[in-house]
Amino acid sequence: MTATTLDPTTALVLVDLQKGIAALPTAHPSAEIIERSARLAAAFRERGLPVVLVRVTGGAPGRTEGHVGGGDMPADWAELVPELGRQDSDIVVTKQQWGAFYGTDLDLQLRRRGVTQVVVAGIATSIGVESTARAAHEHGYHVTVAVDAVTDMDADAHRNSLEKIFPRLGETDTGEAIAKLL
């Protein structure tokens, strides 16, 4: 678990740090994940680097055995948590599926800004974060995951992503260590 370097034009991608997701029971306190993510966002903004705030407002169609949700969501369910300190310069991506790339203009937004690397954090590790990290890798971005700024509703799934998946997609480290590389 050591990030070695960050490209000069690295973007921070914060996945699903919104009121409805943050209120779910998670393996690690969501308040701590949000706090660490907010510190990363502040560090990226201080250096003029892109911050992407991703939120989910729906779900991909199709049958699943483990369908979650259904019914009406509270009106503020998809609102980004205020602790992130959203700025006008932030890129906001609204998605309808797990990952932040498919069906959105995220790749276009990043390429227009010359981004070659992404740091990914958020909730849930094995769903939105992992799907976004996988797609970033497939799109040719260098990927770094802030391991102390992610959590999941399932501790085993979280651990699997951290130990088995993320090291195959890029590098991992703490938010503090990543910020020092900026």
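The structure presented is a predicted model; accordingly, all values stated were derived computationally and were not measured.

J.: Just to check I follow, could you spell out the overall build of the chain for this structure?
T.: Counting its regular elements, the chain contains six helices and six strands. Taken from N to C terminus, the helices and strands of the chain fall in the order β-α-α-β-β-α-β-α-β-α-β-α. Here the C-alpha coordinates of the chain stretch approximately 45 × 35 × 30 Å along the principal axes. A buried classification covers 48% of the 182 residues belonging to the chain. For the chain, the exposed area adds up to about 9200 Å²; of that, 50% sits on carbon and sulfur atoms. Counting 17 positive and 24 negative side-chain charges, the chain places the averaged centre of each group 4 Å from the other.

J.: Would you mind going over the packing of aromatic side chains with me for this structure?
T.: What characterises a pair of aromatic rings is the spacing of the ring centres plus the angle enclosed by the ring planes. Tallying each qualifying case throughout the model produces one aromatic pair. Ring geometry for Phe 101 against Tyr 141: centres 6.0 Å apart, planes inclined by 35°, an arrangement best described as tilted. With Phe 101 in the loop between strand E3 (91-95) and helix H3 (106-112) and Tyr 141 in the loop between helix H4 (125-138) and strand E5 (142-151), the pair connects residues that are 40 residues apart, well separated along the chain. Assessed through its relative accessible area of 7%, Phe 101 is described here as buried.

J.: Help me out: how do you make sense of the sheet that holds E5 in this one?
T.: Backbone-to-backbone hydrogen bonds pair the strands of a sheet. The strands run either parallel or antiparallel. The six strands lie next to each other as E3-E2-E1-E4-E5-E6, forming an open sheet whose pairing is parallel. If you trace the sheet from one side to the other, it starts and ends with E3 and strand E6 (171-173), each paired once. Neighbour to neighbour, the strand axes of the sheet diverge by 25° on average, direction disregarded. The pairing of E5 with E6 spans three bridges and is classified as parallel. What sits directly across from Val 145, in E6, is Thr 172. Sheet contacts for H4: strand E1 (10-15), strand E4 (117-123) and E5; angle to E4, the most-contacted strand, approximately 170°.

J.: Where do I start with the pairing of E3 in this structure?
T.: Both faces of the sheet carry side chains from a regular strand, because those side chains alternate between them. Burial along E3 is one-sided: Ile 91, Val 93 and Lys 95 are buried, while Val 92 and Thr 94, pointing the other way, are not. Sheet analysis places strand E2 (residues 51-56) next to E3, joined by five bridges and oriented parallel. In the strand pairing of E3, Leu 53 is matched with Val 92.

J.: How should I be thinking about the packing of H4 against helix H5 (residues 155-169) in this particular structure?
T.: When two helices pack together, their arrangement is given by the angle between their axes and by how far apart the axes lie. Direction vectors running N to C along H4 and H5 enclose 5°, while the axes themselves pass 10 Å from each other. As far as their axial angle goes, H5 and H4 are roughly parallel. Between H4, through Thr 125, Ser 126, Val 129, Glu 130, Ala 133, Arg 134 and His 137, and H5, the contact on the second element is made entirely by Ala 157, His 158, Ser 161, Ile 165, Phe 166, Arg 168 and Leu 169.

J.: Can you walk me through the environment of His 137 in this structure?
T.: As for its position among the elements, His 137 is in helix H4. Sequence separation between His 137 and Arg 168 is 31 residues; the distance between their C-alpha atoms is 9.5 Å. Once residues within four sequence positions are removed from consideration, His 137 is found in contact with Val 143, Arg 168 and Leu 169.

J.: I keep staring at H5 and nothing clicks. Help me out?
T.: Each α-helix winds once per 3.6 residues, and so residues spaced three or four apart point in a common direction. Taking 1.5 Å of rise per residue, the 15 residues of H5 would be expected to cover 21 Å, and the 20 Å separating its terminal C-alpha atoms lies within 8% of that figure. Of all bends in H5, the biggest is about 35°, found at Ser 161. All buried positions along H5 are accounted for by Ala 157, His 158, Ser 161, Ile 165, Phe 166 and Leu 169. The secondary structure elements touched by the buried residues of H5 are H4, E5 and E6. Capping the start of H5 is the job of one residue whose side-chain oxygen sits 2.8 Å from the backbone nitrogen of Asp 156: Asp 154.

Analysis parameters
Residues numbered from 1 in each chain as written. Predicted model: local features only at pLDDT ≥ 70, side-chain atom pairs only at ≥ 80, totals over all residues. Heavy atoms only, no water. Helix = DSSP H or I, 4+ residues; strand = E, 2+ residues; numbered from the N terminus. Buried < 20%, exposed > 50% of the residue type's maximum accessible area, 1.4 Å probe, protein only. Areas by Shrake-Rupley, 256 points an atom, 1.4 Å probe, with all protein chains shown as cover. Lys, Arg positive; Asp, Glu negative; His and termini not counted. Charge placed at Lys NZ, Arg CZ, Asp CG, Glu CD. Phe/Tyr/Trp six-rings, centres within 6.5 Å; stacked < 30°, edge-to-face > 60°. Pairing = 2+ DSSP bridges. Axes fitted to C-alpha atoms, helices over the stretch in contact; angles between N-to-C directions. Contact = heavy atoms within 4.5 Å. Parallel < 35°, antiparallel > 145°, perpendicular 65-115°, else oblique. Expected span 1.5 Å × (residues − 1). Bend = angle between axes of the 7 residues up to and from the residue. Polar contact = N/O pair within 3.5 Å; in protein donor to acceptor, adjacent residues only side chain to side chain.

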